[in-house]
Amino acid sequence: MNQSINRTETLMYKFTYAGLIVLALGIFTSVSATALSHILLFAPGIYFALRFIKNRDFKLSSHWWAMFFLFIVSIFSVLMNWSDMPSPMKNIIKTKYFLIALLSSFSFHYFKENYLTDKRIKVLIHLFLLSTSVATISGLIGLWSGFNPLKFKAACHATRACGLYGMYMTYGYGISMFMVLLTGVIVYRKRFSKWVNPRYLYIAWAINFVGLILSFARGGWIGFFCAVPFLFLNQHVKKVIGLFFIGIAFTGIAYVSSDTVQNMITKRSESNKQRLAFFETAYMAFRERPLFGYGYRNFEPNVKKLKRRYDIGWPEFGGHAHNNALEHLASTGALGFIGFILFCLLWLKNSYKEPILFAFVMSFCLSGLFQYTFGDGENLFFILGIFSFF
């Protein structure tokens, strides 16, 4: 390889590292700043994808191909509904999250092989822990005082932690998946001891656990407490069973001792029924357009119309399907639904031997039963960042 190519490759590694730094700093602090990572990662993604095509020096995973299939179907779903959408090109542009994730898989592979050092790993881990904890602390101050100091505005909700996000649901589900990763790093801390002091892990865990609990995101709680036992799946099946029942016991204690938790589980029946109405609406959208659905990210603009057409409850309330699989069923049809389910199942299968990653994917799958995390920009940066890097 000649000198000019070496310089180009080094530059691409630097862009990749910069993109990872932006992700570490911005995932829980600023979605607009995190968008810079797409700019930084695009050129390296193209460069290393071409290198892979030329050399074929590693094998793409089956869940990478499932993601690629979902990306293609998402574009076709828009093309098939082009005349019914006000701005179809905008919907196609929104598939960029998938495209960047697919391309970044190539740059991250070569980056880890040739440029990722212990020092750079330390920087990324510490930045991620610090930025996430600072975001949570700012959100907790906002919850207790009514004013979020880092956002310089009122807290996004009077009784639920939001971090630095504008929506408590986004924060609750995102911090849930982060906590699964962080818990895994603590459980297997000996593997990470050369990169991070366990004391920092414990401090970050305590801060963000408070944020998770006070977000009062039921699906986020489920995603965390049900996924953590899988950290031990490969070693101690009894521990998995034990932790599962501990999680049930914790939920029972929280229910008995907290009026807020009781309200979440039993008294928010109206919210539960509204969510079921969204599920039903998604199914009716699929029945109308079974192959490609209403078009990627085009279900939400049609929800009110669909509810009125089929006499579904709360026709005045619009929104997404509040479920990853059903959202794809409605917006990308049977093909997109199959692609998404395959992606989840294959990612679980391929990560089985790595317990931290397996538990993270399990958390993503479980919490995604109650919220459209795979279309929420902040959460999507996080989920696809993990997908690409590993």
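Computed from a prediction, not measured in an experiment: that's the story for all the values here. (Residues numbered from 1 in each chain as written. Predicted model: local features only at pLDDT ≥ 70, side-chain atom pairs only at ≥ 80, totals over all residues. Heavy atoms only, no water.)

Chemist: Looking at this model, I keep getting lost on the overall build of the protein. Mind explaining?
Modeler: When its secondary structure is counted, the protein shows 18 helices and 2 strands. In the protein, which comprises 390 residues, the proportion classed as buried is 52%. For the protein, contacts bridging at least 24 residues in sequence account for 71% of all contacts bridging at least 6. Put simply, the protein shows about 18000 Å² of open surface, and 67% of that area lies on carbon and sulfur atoms. (Helix = DSSP H or I, 4+ residues; strand = E, 2+ residues; numbered from the N terminus. Buried < 20%, exposed > 50% of the residue type's maximum accessible area, 1.4 Å probe, protein only. Contact = heavy atoms within 4.5 Å. Areas by Shrake-Rupley, 256 points an atom, 1.4 Å probe, with all protein chains shown as cover.)

Chemist: Help me understand the packing of aromatic side chains in this model?
Modeler: For any pair of aromatic rings, the description rests on two quantities: the centre-to-centre distance and the angle between the ring planes. Applying the stated rule across the entire model yields 46 aromatic pairs. Judged by centre distance (5.3 Å) and plane angle (70 degrees), the rings of Tyr-97 and Phe-381 are edge-to-face. Taken as a pair, Tyr-97 in helix H6 (residues 96-114) and Phe-381 in helix H18 (residues 377-389) lie far apart in primary sequence, 284 residues in all. Comparing Tyr-97 with Phe-381, the two get one shared label, buried. We note Arg-120 situated over the ring of Tyr-17; from NZ or CZ to the ring centre the distance is 5.5 Å. Here the guanidinium or amino end of Arg-191 rests over the ring plane of Tyr-188, the centre of that ring lying 5.8 Å away. (Phe/Tyr/Trp six-rings, centres within 6.5 Å; stacked < 30°, edge-to-face > 60°. Lys NZ or Arg CZ within 6 Å of the ring centre and 35° of its normal.)

Chemist: Hey, could you run me through the state of the cysteines in this one?
Modeler: Among covalent bonds in proteins, the disulfide is the one between the sulfur atoms of two cysteines. In the structure shown here, the tally under the stated rule is 1 disulfide. Cys-365 provides the cysteine sulfur closest to Cys-344, a residue in no disulfide bond, and the two sulfurs are 4.0 Å apart. (Disulfide = S-S within 2.5 Å.)

Chemist: Just checking my understanding: could you explain the packing of helix H7 (residues 118-145) against helix H10 (residues 198-215) for this structure?
Modeler: Axis angle and axis distance: for two packed helices, these are the angle between their axes and the distance between the axes, and together they describe the pair. Closest axis-to-axis distance for the H7/H10 pair is 9 Å, and the angle between their directions is 40 degrees. Relative to H10, the element H7 is oriented oblique. Viewed along their axes, H7 and H10 form a crossing whose handedness is left-handed. Where H7 approaches H10, its residues His-126, Leu-129, Thr-132, Ser-133, Thr-136, Ile-137, Leu-140, Leu-143 and Trp-144 are matched on the opposing element by Tyr-200, Leu-201, Ala-204, Ile-207, Asn-208, Val-210, Gly-211 and Leu-214. Looking at side-chain class alone, the contact of H7 with H10 contains 11 nonpolar, 6 polar and no charged residues. (Axes fitted to C-alpha atoms, helices over the stretch in contact; angles between N-to-C directions. Parallel < 35°, antiparallel > 145°, perpendicular 65-115°, else oblique. Left-handed = near helix turned anticlockwise from the far one by under 90°. Nonpolar A, V, L, I, M, F, W, Y, C, P; charged D, E, K, R; others polar.)

Chemist: How should I be thinking about the pattern of salt bridges in this particular structure?
Modeler: Two side chains carrying opposite charge are able to pair once their charged atoms lie near each other. Considering all chains together, one arrives at 5 salt bridges under this definition. Here Arg-289 and Asp-84 are joined by a salt bridge, their closest N and O atoms 3.4 Å apart. Taken together, the positions of Arg-289 in the loop between helix H14 (269-288) and helix H15 (303-309) and Asp-84 in the loop between helix H4 (62-79) and helix H5 (88-93) put the pair 205 residues apart, joining distant regions of the chain. You can call Arg-289 partly exposed: its relative accessible area is 24%. (Salt bridge = Lys/Arg side-chain N within 4 Å of Asp/Glu carboxyl O.)

Chemist: What is the right way to look at helix H16 (residues 324-350) in this model?
Modeler: An α-helix turns once per 3.6 residues; consequently, residues spaced three or four apart project the same way. The terminal C-alpha atoms of H16, which comprises 27 residues, lie only 20 Å apart, well short of the 39 Å expected from a rise of 1.5 Å per residue. The largest bend in H16 comes to about 140 degrees, at Thr-332. Where H16 begins, the side chain of Asn-323 points an oxygen toward the backbone nitrogen of Ala-325, at a separation of 3.0 Å. (Expected span 1.5 Å × (residues − 1). Bend = angle between axes of the 7 residues up to and from the residue. Polar contact = N/O pair within 3.5 Å; in protein donor to acceptor, adjacent residues only side chain to side chain.)

Chemist: Would you take a moment to explain unusual backbone geometry for this structure?
Modeler: Leaving glycine out, the prevailing phi sign among residues is negative, and the prevailing peptide bond configuration is trans. Despite not being glycine, Arg-56 shows a phi value in the positive range, around 50 degrees. As for its position among the elements, Arg-56 is in the loop between helix H3 (36-55) and H4. Even without glycine at this site, His-322 takes up a positive phi of about 60 degrees. Mapped onto the secondary structure, His-322 falls in the loop between H15 and H16.

Chemist: Sorry, what's going on with the nonpolar core here?
Modeler: Counting 95 residues, the largest nonpolar core has Trp-347, Phe-374 and Phe-382 as its most contacted members. Ignoring anything within four residues of it in the chain, the contact list for Phe-374 reads Met-67, Leu-70, Phe-98, Asn-324, His-328, Phe-340, Phe-343, Phe-364, Leu-380, Ile-383 and Leu-384. Ranked by size, the runner-up nonpolar core spans 12 residues in total, among them Ala-282, Ala-285, Tyr-294 and Val-303. (Core = buried A, V, L, I, M, F, W, Y, C linked by side-chain atoms within 4.5 Å.)

Chemist: What is the right way to read the environment of Leu-326 from this model?
Modeler: As for its position among the elements, Leu-326 is in helix H16. Measuring from C-alpha to C-alpha, the distance between Leu-326 and Gly-368 comes to 9.9 Å, with 42 residues separating the pair along the chain. Residues contacting Leu-326, with those up to four places away along its chain left out, are Phe-279, Ala-282 and Ala-321.

Chemist: What am I meant to see in the packing of helix H17 (residues 355-367) against H18 here?
Modeler: In contact at an axis separation of 12 Å, H17 and H18 are set at 145 degrees when each is read in the N-to-C sense. The chirality of how H17 crosses H18 is left-handed. Residue-level inspection shows Leu-357, Phe-360 and Phe-364 of H17 in contact with H18, the latter providing Phe-382, Ile-383 and Ile-386. Classifying every residue of the contact of H17 with H18 gives 6 nonpolar, no polar and no charged.

From the geometry alone we can't say anything about function, so treat these as descriptive.
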